[in-house]
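As a plain string of letters, each chain reads:
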Amino acid sequence: MPTSPAKAVATEATPSYRLTTALCALACALAPAYTVRWHLGFYPTTLLEDAILLCLVVFALEYSRHRAPLNWGGPLLVPTLLFVLAGAIAVVTAPGITAALGLYRAYLLEPIAFAFVLLNVIRTPSRAFLVACGLFAGAAAAGLANSVVVASALANHTYQVSQSPPVVVYMTANAVALFVVPLVALAGSLALHGRGVERVCGALFLVLGIVVTVLSFSRGGYVALAMVVTGLALSHRRRHLMLGLAVLATGGLALVAPIRTRVLIETQNVYGNTVASRIDLWTATVQLLRERPLFGAGLAGFPERIKPYFTHLHTEANFIYPHNIVLNFWVETGLLGLLSMAWIIGVAVLVTWRGLTQVTKSWRPYELGALLAMVAVVVHGMVDVPFFKNDLSLEFWTLLGLAWAGRLWSVEQPDPAPAAAPAQAMSRVSIRSA
C-alpha cells in the first residue's frame, strides 16, 4: 500500500528537488543521445549516461541538505534487487567481462538508479508531466528525423518497402517504434484523461507518435500500437465511438499501398519476410539454452555463443539478441533475470491497474499510460528487443518510476466521476464480455 497522505505530503523540512527534477526531464529528452559517444581517458561514456550521472549527483547534493526519509520502491524493490543480482551474475558468466560490464552499467544500474531518484523527487503530477515532456521531446526529435528520411525516400522512389527502411539516429527502424509506442500510450492517456496543457501536449504527441510509428514500417510496432489504441479506447466512457474510430483509421491505413505491402510481405515467402528468420533464431536460441539453462549466454555473450547453433548467418540475420522478450532476458541475464523481470512487469501491471482507482484524478493518466506502455513492451517484445538498449531501458524504468510515484504521493480518495476512472470503464467491458 502507498504511504499515507500524512507521511507523503512534503513539509518545510523536505527538500524540493527542483534542480533534480529539471535535470531528470533533460536526461529523458536526451534518451536518443546515447548514440553520442566519447571516452574520458579509458572510460567509454555517452551523452545520455553523463546526463543520468548528473541527475544522481545533484539528487545526492539536494538530499544532503535535509536528509528526508528515502522511498525505496515498495513491492518493486525485491524483484528489482534480484534483477540487479542476476545482471551481476551475467557479467561473471559472460565471455567478455569488459563488454558485459558496459551493458550492466548502461542497461541495469543507471536506469534503475534513475527510477529511484524519480520515486523520491516526482511528488506531484506537474513534475510527472515535466518528465513525460522530456520523453516526448526526445522521441519527437528522433522520430521526426527518421520520418522525414523515410517520407523523402518514398517520395523519390528510392525505398522499396520489401527492404529495411532507412534510419537516422538509430541503427534500425524497429528501434524507433520500440521507443515511441510506449510513449504513445502515455500521451494518449494524457490526451483522454489529463487536464489543460497535459491534454494538449498529450494529443499533439499522440498524433505525432502514430505518424512516426506508421512511417517506421515496423510490423511489430503496428501490432503494439493497435493494442495501445484499443486499451485507450476501452478506458474512455465513449469507448464504442473510440473503438469505431480506431477501426476506421486502421482500415484507412490498410488502403495505403506501402503499408499494405509491408504487412502482407509476412504472408509470402519473399525477401523482407522476417517470420522464417525469427523461427530459425528462436530454435537456435532454445538449443543454446538447453546447454546453459541457468546462466544463458551472459551479458553481451549471445552473438558469440549462438554461433554453433545458428550457422546460417548472413548480413540481414546478424542478430545480437534472440528478438523475443522471454528469450532475450533468459539469454542475457539467466533464469534468475527472466523470473525477476517477469515479477517486475507483473507488479507494474498490478500497481498501475490498482492505481487507476486508488490514486487521485490528476495522477490517473500516468497510471494508465504506464500500464498500456507495459502492454506495448510485452506485445512488441514477442518479436523484438524492447529493453536491451540505452534509451529503452531508461524509458522502461522511468515509466515505472512515474507509476509508483503516483501511488506513493497521491492522496487515497476514490473519485466518483466516471469519466475520470479508466479502470472502472475497462472493468465494465470485462463484466459485459463475461
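Residues numbered from 1 in each chain as written. Predicted model: local features only at pLDDT ≥ 70, side-chain atom pairs only at ≥ 80, totals over all residues. Heavy atoms only, no water.

Turning our eyes to something else, we now look at the overall build of the protein chain. Within the protein chain one finds 17 helices and two strands. Put simply, the protein chain has 434 residues, and 51% of those count as buried. Of the contacts formed within the protein chain by residues at least 6 apart in sequence, a portion of 78% connects residues at least 24 apart. Looking at the protein chain as shown, the accessible area adds up to about 18800 Å², and 68% of this sits on carbon and sulfur atoms. (Helix = DSSP H or I, 4+ residues; strand = E, 2+ residues; numbered from the N terminus. Buried < 20%, exposed > 50% of the residue type's maximum accessible area, 1.4 Å probe, protein only. Contact = heavy atoms within 4.5 Å. Areas by Shrake-Rupley, 256 points an atom, 1.4 Å probe, with all protein chains shown as cover.)

Moving on, we get to helix H5 (residues 97–121). Here H5 is 25 residues long and its end C-alpha atoms lie 34 Å apart, about the 36 Å a rise of 1.5 Å per residue gives. The largest bend along H5 reaches roughly 35° and is located at arginine 105. (Expected span 1.5 Å × (residues − 1). Bend = angle between axes of the 7 residues up to and from the residue.)

Now for the packing of aromatic side chains. Where two aromatic rings form a pair, the distance of their centres and the angle of their planes describe that pair. Following the criterion strictly, the structure yields 17 aromatic pairs and no others. For the ring pair phenylalanine 59 and phenylalanine 116, a centre distance of 6.1 Å and an interplane angle of 85° mean the geometry is edge-to-face. Residue phenylalanine 59 is located in helix H3 (residues 47–66), and its partner phenylalanine 116 is located in helix H5; the two are separated by 57 residues in the primary sequence. Given the relative accessible area of 6%, phenylalanine 59 is considered buried. (Phe/Tyr/Trp six-rings, centres within 6.5 Å; stacked < 30°, edge-to-face > 60°.)

We now examine the pattern of salt bridges. Under the counting rule described, the total for this entry stands at three salt bridges. A salt bridge links lysine 389 to aspartate 391; the nearest nitrogen and oxygen atoms lie 2.8 Å apart. Relative accessible area serves as the criterion here: at 16%, lysine 389 is assigned to the buried category. Bridged by salt links that share partners, the residues Glu49, Arg105 and Glu110 form one connected network. (Salt bridge = Lys/Arg side-chain N within 4 Å of Asp/Glu carboxyl O.)

What follows concerns the state of the cysteines. Counted according to the given criterion, the structure contains zero disulfides. No disulfide involves cysteine 201; its nearest neighbouring cysteine sulfur is the one of cysteine 133, lying 4.8 Å away. Exposure remark for cysteine 201: the relative accessible area of 26% places this residue in the partly exposed category. (Disulfide = S-S within 2.5 Å.)

Okay, the environment of leucine 19 next. Position of leucine 19 relative to the elements: it lies in helix H2 (residues 18–29). For leucine 19, a relative accessible area of 47% puts it in the partly exposed group. The spatial distance from the C-alpha of leucine 19 to the C-alpha of valine 58 is 7.4 Å, given a sequence separation of 39 residues.

All right, on to the layout of surface pockets then. Taken as a whole, the second largest pocket spans an internal volume of roughly 730 Å³. Contributing elements (two or more residues each) for the lining of the second largest pocket: helix H7 (173–193), helix H8 (196–216), helix H9 (219–235), helix H10 (239–254) and helix H11 (257–264). Of the residues forming the lining of the second largest pocket, the biggest block, nine residues, is contributed by H10. Tallied by class, residues from the lining of the second largest pocket come to 23 nonpolar, three polar and one charged. (1 Å grid on protein atoms, 1.4 Å probe; cavity = no way out; pocket = protein on both sides within 12 Å on 5 of 7 lines; lining within 4 Å. Points joined across faces, edges and corners; volume = space filled by probe spheres on them. Nonpolar A, V, L, I, M, F, W, Y, C, P; charged D, E, K, R; others polar.)

Pairing analysis gives four bridges linking strand S1 (residues 37–40) to strand S2 (residues 43–46), with the strands arranged antiparallel. Of the residues in S2, the one forming a bridge with arginine 37 is threonine 46. Linkage of S1 to S2, two consecutive antiparallel strands, is achieved through a turn of two residues, within which glycine 41 is found at a positive phi near 70°. (Pairing = 2+ DSSP bridges.)

As a further point, take the packing of helix H14 (residues 325–358) against helix H16 (residues 390–409). Two elements in contact, H14 and H16, have axes whose closest approach is 10 Å; the angle formed by their N-to-C orientations is 40°. As summarised for this structure, H14 and H16 are arranged oblique, according to the angle between their axes. For the crossing formed where H14 meets H16, the hand is left-handed. Across the interface between the two elements, Met341, Ile344, Ile345, Ala348, Val351, Thr352, Arg354, Gly355 and Gln358 from H14 touch Phe396, Trp397, Leu400, Ala403, Trp404 and Arg407 from H16. (Axes fitted to C-alpha atoms, helices over the stretch in contact; angles between N-to-C directions. Parallel < 35°, antiparallel > 145°, perpendicular 65-115°, else oblique. Left-handed = near helix turned anticlockwise from the far one by under 90°.)

Right, let's get into unusual backbone geometry. The backbone of valine 169 shows a phi angle near 75°, a positive value even though the residue is not glycine. Mapping valine 169 onto the fold places it in the loop between helix H6 (125–155) and H7. Assessed through its relative accessible area of 35%, valine 169 is described here as partly exposed. Backbone geometry places histidine 323, a non-glycine residue, at a positive phi of 60°. Turning to its location among the elements, histidine 323 is positioned in the loop between helix H13 (302–305) and H14. The class for histidine 323 is buried, based on a relative accessible area of 12%.

On to the environment of alanine 370, then. When you line up the elements, alanine 370 lands in helix H15 (residues 364–381). Its relative accessible area of 2% is what places alanine 370 among the buried residues. Expressed as a C-alpha distance, the spacing of alanine 370 and alanine 403, which sit 33 residues apart in the sequence, is 6.2 Å. If we skip the residues at most four places from it in the chain, alanine 370 touches Thr352, Leu399 and Ala403.

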